[in-house]
Amino acid sequence: MSFAELAAQLNAGTILPESIVIATLIVVIMVDLIVGRTSTRWTPYLAVAGLLASVVALFSQWDINNPVSFLGGFNGDALSVVFRGIIALSAAVTILMSISYIEQSGTSLGEFVGILLTATIGGMFLSGANELVMIFISLETLSISSYLLTGYTKRDPRSNEAALKYLLIGASSTAIFLYGVSLLYGLSGGETKLSAIAAGLAAGSGQSLALVIALVFAIAGIAFKISAVPFHQWTPDVYEGSPTPVVAFLSVGSKAAGFALAIRLMVTVFPLVSEQWHFIFTALAILSMVLGNVVALTQTSMKRLLAYSSIAQAGFVMLGLIASTEAGYSSMVFYMLVYLFMNLCGFICVILFSLRTGTDQISEYSGLYQKDPLLTLGLSISLLSLGGIPPLAGFFGKLYLFWAGWQAGLYLLVLLGLITSVVSIYYYIRVVKMMVVKEPQEMSDAVKNYPPISWNFSGMRALQVGLVVTLIATSLAGILSNPLFNLANGSVAKTEMLQSAVISSQVVEATTQVSVIK
Amino acid sequence: MLSALIWLPIIGAAIVAFLPGNISAKITRQISFAIIFAAFIWSLVIAIQFKPESSTQQFIESLPWIDSLGLTYSLGVDGLSLPLLVLNGLLTCIAIYSTDEKIIRPRFYYSLVLLLNAGVSGAFLAQDLLLFFLFYEIELVPLYFLIAIWGGARKNYAAIKFLLYTTVSGILLLAAFLGVVWFSGSTSFAYEPLRTHNLPLGTQLLLLGAILVAFGIKIPLVPLHTWLPDAHVEASTPISVLLAGVLLKLGTYGLLRFGLGLFPEAWQNLAPSLAIWAVVSVLYGAFTAIAQTDMKKMVAYSSIAHMGYILLASAAATPLSLLGCLYQMISHGLISALLFLVVGVVYKKAGTRDINLLCGLLNPERGLPIIGSLMIAGVMASAGIPGMIGFISEFLIFRGSFEAFPVETLLCMIGTGLTSVYFLLLVNRVFFGRLSEKVVDLPQVQWSERIPAAILAGIIILFGVVPSWLGRWTEASTTAMINPQPAIAKVIPAVSFSEAKLP
């Protein structure tokens with residue numbers, strides 16, 4: 001094989017965005033080593049700049065002709081571009097919100113940024129991974145960095161507990177996933193590339209018990225990542241104990257990577273058992289929507305509330321996956337895009353509040369509007385958007401999911417989604433009520449002793465920028481959502497694997513209809 | 001042109017919300033009043049340019065918004081929505097004018113009221129199912145805050161009850177709209193192309209059922225009404241005015257536009273049961289009103305009863321009864337606003353709304369003679385005394401519905417009689433007799449408190465004397481609602497015939 005041929009087969013240009021992040025990571029670590037603590041004044045901003053540069057590089061890859069690279073190990077198609085963008089953006093915002101938080105906890109910021117960038121690289125590669133080994137390595141990169149991040153504030157016992165819990169459950173779920181994947185390797189006759197596996201499975205015994213077992217195990221691993229019920233047990237505890245910026249990243253970036261993996265794996269490898277995986281995901285979606293929303297009602301800690309809310313939101317997103325139509329996939333992408341803004345906006349507000357008062361209790365938010373109108377506005381808008389109140393971004397996201405689900409004939413699931421979103425409005429508005437409605441005399445102690453608002457501390461400016469940007473995005477992304485819709489629809493339309501999957505499922509439907517008619 | 005009615009209050013709300021903090025509540029009120037008055041004048045301008053002889057949508061604005069969802073930003077106005085739009089502007093003006101000068105958190109309050117106005121206007125204007133739903137939901141959160149922050153003792157309970165009921169209503173509506181569009185095979189939510197579509201009857205009945213329950217919560221109809229008395233009792237006077245005067249009309253408007261308009265066949269099937277439902281609602285509201293001792297609660301239950309007439313008339317769906325529907329919407333909006341305003345003044349001055357404690361407020365020296373007179377005017381209008389708009393609307397409804405549902409109409413007429421019973425009870429106890437010792441030293445009533453009520457009373461009498469000034473806007477549209485469906489016209493004689501044979 002000549003060099004030119006090899007270069008063409010490697011097609012290394014597709015991972016330019018990841019390369020930028022890796023370069024940033026190396027610079028950040030080296031600078032931290034050489035210059036020492038003083039460098040933390042600017043390394044986080046360097047990391048943000050690197051991540052944004054990677055997003056720009058992703059933009060340039062939007063219309064790429066030949067997305068397959070590294071001999072089929074990585075597929076940089078439009079779908080992966082969008083998901084990689086979501087992950088990179090969520091990491092950028094996470095860094096903005098973590099600067100003052102990590103400094104206040106008394107741990108080193110440089111290392112934190114380094115680990116977070118590693119997790120980002122893992123997530124980005126996972127979104128495009130097209131081969132079993134690649135999938136597993138990027139999954140592990142993401143997971144192991146996430147374990148490190150959850151335990152990062154090592155003087156806090158709850159953070160340690162969270163890390164241990166996450167590590168134990170995460171490791172076992174990875175093991176299960178790996179077992180499932182190894183079954184696939186065997187069943188397909190020793191293939192590791194996803195498309196080759198699919199071909200191998202189709203040529204082989206077809207639908208067998210072993211294949212179904214492999215499916216179930218693979219789904220177990222994915223469901224752990226997107227924290228779908230009943231694989232959600234770690235979520236509330238980890239969310240409560242970990243540093244809040246990490247939670248923000250886990251709930252958006254890590255989840256987006258999980259959904260990207262879910263789409264790719266299910267669509268490419270498991271068309272043979274499509275009925276089965278639809279059934280499993282339907283069950284997961286129902287359980288997540290019901291349990292997430294109902295348990296969130298009784299929470300008293302803001303971080304636990306957001307944990308259950310993120311479980312419920314994952315349930316809504318699964319609707320799009322179950323629909324398995326073009327509109328279904330693009331509604332997932334669209335929802336992840338708006339979820340990125342609204343959830344991160346909520347987390348920034350929670351961090352800001354805990355920085356100023358040192359608590360996460362919902363009851364302590366009482367009467368906040370008097371002392372901090374911007375924070376109240378930000379948290380109210382993000383929570384109402386998560387609850388799906390028009391005309392905020394979340395409303396359009398949910399509407400698109402429900403519309404796509406309805407078109408695919410998932411009437412009962414959509415009705416369940418509608419009903420549970422009524423429940424969700426109740427607990428979101430409970431927090432808003434605490435902040436906005438309570439009179440001055442009902443003010444909580446934390447709010448009474450609220451420090452005067454100042455943005456001049458180190459890192460607070462970054463937090464403010466993050467808050468304002470995500471707040472504006474959450475408020476306007478709904479009304480001016482056409483670019484986002486185009487992005488979501490375009491990413492699905494350009495992605496070959498989804499196109500062929502949609503077409504083949506339509507063909508199957510058509511043939512069944514024809515046979516029914518006959 | 002129509003967009004200004006939505007965007008003027010929204011931009012106004014943003015301006016008011018971000019006014020500097022040192023501006024007094026009084027000036028904030030003046031600024032918001034100026035904004036909403038401009039919107040009201042604009043709605044009058046639209047009314048003047050409106051061509052009443054045409055039954056189609058006018059001033060149509062249509063912009064593509066989100067293609068993936070089939071959502072278009074299309075607005076239009078016809079004879080059904082125009083009077084309601086003007087009513088919305090008028091009552092919001094009155095609500096802002098009659099708000100307490102020294103209200104707490106004025107900037108937040110007025111921007112919410114402006115948002116509410118924009119949401120309601122948008123819902124009346126929307127020519128796209130999804131757009132209607134969007135505006136229908138937009139008013140939810142502002143109204144929740146308006147009750148929960150500036151309400152009475154049990155405001156939290158009332159506000160959350162309102163919120164949950166209305167959210168359920170919204171969800172049902174969304175499900176029904178999704179169903180309508182999907183089952184009819186349409187790719188967009190635009191109203192006009194959908195209307196003529198005919199689905200299998202079973203599907204129609206299912207979807208219509210969801211729409212009926214959704215709007216039944218909003219109107220509200222017994223037994224979905226329980227949020228309304230709580231919300232009214234806890235809300236402050238201006239908010240009660242808006243709630244009764246305008247927001248409930250969203251329900252009846254939706255019933256006509258999306259119930260009767262989209263499902264003529266299924267509507268015809270359900271009409272007899274709807275008429276019975278109307279009777280239940282009317283009689284339950286009226287009887288419960290008799291038992292109340294809180295003036296505001298009495299007015300709230302009378303609201304339920306009066307909204308029931310609209311269901312009766314829309315079930316009958318004759319041209320005359322539909323015209324009566326519109327009259328009743330306007331007249332109920334004006335009359336209940338007047339009653340809530342007057343009750344609000346009494347409460348403010350006397351410190352109580354309890355019928356058993358108040359007595360002889362009409363006393364010319366130390367009582368509230370002018371307010372008392374206005375109350376009597378409102379009560380008379382509500383009870384349907386000729387010469388007021390209440391009489392016209394009820395007469396039209398009963399005259400129009402009698403040919404379709406004679407028995408139900410007669411039962412509803414009993415409800416009108418009961419209206420006189422409970423309101424006479426109220427007037428008799430509260431305003432006549434010797435001034436009670438418990439309420440001496442009433443503070444002076446300002447003219448600013450009388451003017452809004454007096455304006456409303458004037459309009460009520462004006463339209464009572466010259467009803468055609470209101471009817472001319474609407475007649476073409478309501479007639480057109482029936483005409484494309486000759487099926488109903490054929491059924492009506494049959495129904496009245498079979499009813500006539502009953503002993």
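Residues numbered from 1 in each chain as written. Chains lettered and ligands numbered in written order. Predicted model: local features only at pLDDT ≥ 70, side-chain atom pairs only at ≥ 80, totals over all residues. Heavy atoms only, no water.

Draft legend 1. Layout of the overall build of chain B. When helices and strands are tallied, chain B shows 20 helices and two strands. For 503 residues, the compact-globule estimate of 2.2 N^0.38 gives 23 Å, and the C-alpha radius of gyration of chain B, at 22 Å, lies within 12% of that figure. Judged by the C-alpha coordinates and their principal axes, chain B covers about 65 × 65 × 40 Å. When each of the 503 residues of chain B is scored for burial, the buried share is 64%. Of the contacts formed within chain B by residues at least 6 apart in sequence, a portion of 81% connects residues at least 24 apart. (Helix = DSSP H or I, 4+ residues; strand = E, 2+ residues; numbered from the N terminus. Rg over C-alpha atoms; globule rule 2.2 N^0.38 Å. Buried < 20%, exposed > 50% of the residue type's maximum accessible area, 1.4 Å probe, protein only. Contact = heavy atoms within 4.5 Å.)

Draft legend 2. Main features of empty space enclosed by the protein. Using the criterion set out here, one finds eight cavities of 30 Å³ or more in the structure. Roughly 130 Å³ of internal volume is contained in the largest cavity. For the largest cavity, the lining is made up of 14 residues, of which Gly388, Phe395 and Ser421 of chain A together with Ile171 and Leu174 of chain B are closest to its centre. The element contributing the most residues to the lining of the largest cavity is helix 16 (residues 393-407) of chain A, with four residues. There is about 90 Å³ of room inside the second largest cavity. (1 Å grid on protein atoms, 1.4 Å probe; cavity = no way out; pocket = protein on both sides within 12 Å on 5 of 7 lines; lining within 4 Å. Points joined across faces, edges and corners; volume = space filled by probe spheres on them.)

Draft legend 3. Examining the interface of chain A and chain B more closely. At the interface, 34 residues of chain A touch 36 residues of chain B. Taken over both partners, the interface formed by chain A and chain B buries close to 3100 Å², and the fraction arising from carbon and sulfur atoms is 78%. Broken down residue by residue, the surface that chain A buries against chain B is led by Trp403, Trp406 and Val437 of chain A, which jointly contribute 20%. Applying the counting criterion to the chain A and chain B interface returns one salt bridge. Put simply, Lys155 of chain B and Glu439 of chain A hold a salt bridge, and the shortest N to O gap is 3.5 Å. On inspection of chain A and its partner chain B, the count reaches seven residue pairs in polar contact (both at pLDDT 80 or more). For the side of chain A that touches chain B, the elements supplying multiple residues, two or more each, are helix 16, helix 17 (411-436), helix 19 (460-479) and helix 20 (482-494) of chain A. Of the residues that constitute the side of chain A that touches chain B, the class distribution is 26 nonpolar, six polar and two charged. (Buried area = accessible area lost by both parts, 1.4 Å probe. Salt bridge = Lys/Arg side-chain N within 4 Å of Asp/Glu carboxyl O. Polar contact = N/O pair within 3.5 Å; in protein donor to acceptor, adjacent residues only side chain to side chain. Nonpolar A, V, L, I, M, F, W, Y, C, P; charged D, E, K, R; others polar.)

Draft legend 4. Region of interest: a nonpolar patch on the surface. A grouping of Ile22, Ile26, Ile29, Met30, Leu33, Ile34 and Val35 of chain A is seen on the molecular surface, where their side chains present a nonpolar patch of about 670 Å² in accessible area. For Ile34 of chain A, the position within the fold is in helix 2 (residues 16-35). (Patch = residues over 30% accessible without salt bridge, like charges linked within 9 Å, V, L, I, M, F, W, Y side chains within 5 Å. Areas by Shrake-Rupley, 256 points an atom, 1.4 Å probe, with all protein chains shown as cover.)

Draft legend 5. Structural view of the side chain of Thr14 of chain A. Residue and element names in this part refer to chain A. Relative to the assigned elements, Thr14 resides in the loop between helix 1 (3-10) and helix 2. Within the structure, the side chain of Thr14 is placed 2.8 Å from the side chain of Ser69, a separation counted as a polar contact. Leave out the neighbours within four places in its chain, and Thr14 touches Gln61, Ile64, Asn66, Pro67, Ser69, Phe74 and Arg84.

Draft legend 6. Fine view of the layout of surface pockets. The space that makes up the largest pocket amounts to roughly 1900 Å³. Along its surface, the largest pocket is lined by 47 residues, and Leu377 and Ile381 of chain A together with Ala17, Phe18 and Leu115 of chain B are the ones closest to its centre. Looking at the lining of the largest pocket, the elements that each hand over two or more residues are helix 15 (373-387), helix 17 and helix 19 of chain A together with helix 1 (3-17), helix 4 (106-125), helix 5 (129-138) and helix 6 (140-150) of chain B. With eight residues, helix 4 of chain B is the single largest residue contributor to the lining of the largest pocket. Among the residues making up the lining of the largest pocket, the classes are represented as 39 nonpolar, six polar and two charged.

Draft legend 7. Broad picture of unusual backbone geometry. Of note, the bond from Val229 of chain A into Pro230 of chain A is cis; its omega dihedral lies within 30 degrees of zero at 5 degrees. Cis geometry is adopted by the peptide bond preceding Pro220 of chain B, which originates at Ile219 of chain B and carries an omega value of -10 degrees. One can find Pro220 of chain B in the loop between helix 9 (201-218) and helix 10 (227-234). One non-glycine residue with positive phi stands out, namely Ala317 of chain B, at about 55 degrees. Structurally, Ala317 of chain B is set in the loop between helix 13 (295-316) and helix 14 (319-350). Judged by its relative accessible area of 1%, Ala317 of chain B falls in the buried class.

Draft legend 8. Here's a closer look at the packing of aromatic side chains. This model, assessed by the stated rule, comprises 45 aromatic pairs over all chains. Ring geometry for Trp406 of chain A and Tyr411 of chain A: centres 5.0 Å apart, planes at 70 degrees, overall edge-to-face. With a relative accessible area of 5%, Trp406 of chain A lands in the buried category. On the basis of an interplanar angle of 55 degrees and a centroid distance of 4.5 Å, the ring pair of Phe132 of chain B and Phe258 of chain B is categorised as tilted. One end of the pair, Phe132 of chain B, is in helix 5; the other, Phe258 of chain B, is in helix 11 (residues 237-260), and 126 residues separate them in sequence. Take Phe132 of chain B and Phe258 of chain B: they sit in the same class, and that class is buried. Taken together, the ring pairs in this structure connect Phe124, Phe132, Tyr136, Phe177, Tyr191, Phe215, Tyr253 and Phe258 of chain B into an aromatic cluster. Lying across the ring of Trp473 of chain B, Arg472 of chain B places its NZ or CZ 4.5 Å from the centre. (Phe/Tyr/Trp six-rings, centres within 6.5 Å; stacked < 30°, edge-to-face > 60°. Lys NZ or Arg CZ within 6 Å of the ring centre and 35° of its normal.)

Draft legend 9. Representation of the packing of helix 11 of chain B against helix 13 of chain B. Residues and elements named next belong to chain B. Orientation of helix 11 relative to helix 13, taken along the N-to-C sense of each, is 15 degrees, at an axis distance of 11 Å. Considering the angle they form, helix 11 stands roughly parallel to helix 13. Crossing handedness for the pair helix 11 and helix 13: right-handed. In this structure, helix 11 contributes Thr237, Ser240, Ala244, Leu248, Lys249, Thr252, Leu255 and Leu256 to the contact, and helix 13 contributes Lys296, Ser303, Met307, Ile310, Leu311 and Ser314. Tallied by class, the residues present in the contact of helix 11 with helix 13 amount to seven nonpolar, five polar and two charged. (Axes fitted to C-alpha atoms, helices over the stretch in contact; angles between N-to-C directions. Parallel < 35°, antiparallel > 145°, perpendicular 65-115°, else oblique. Left-handed = near helix turned anticlockwise from the far one by under 90°.)

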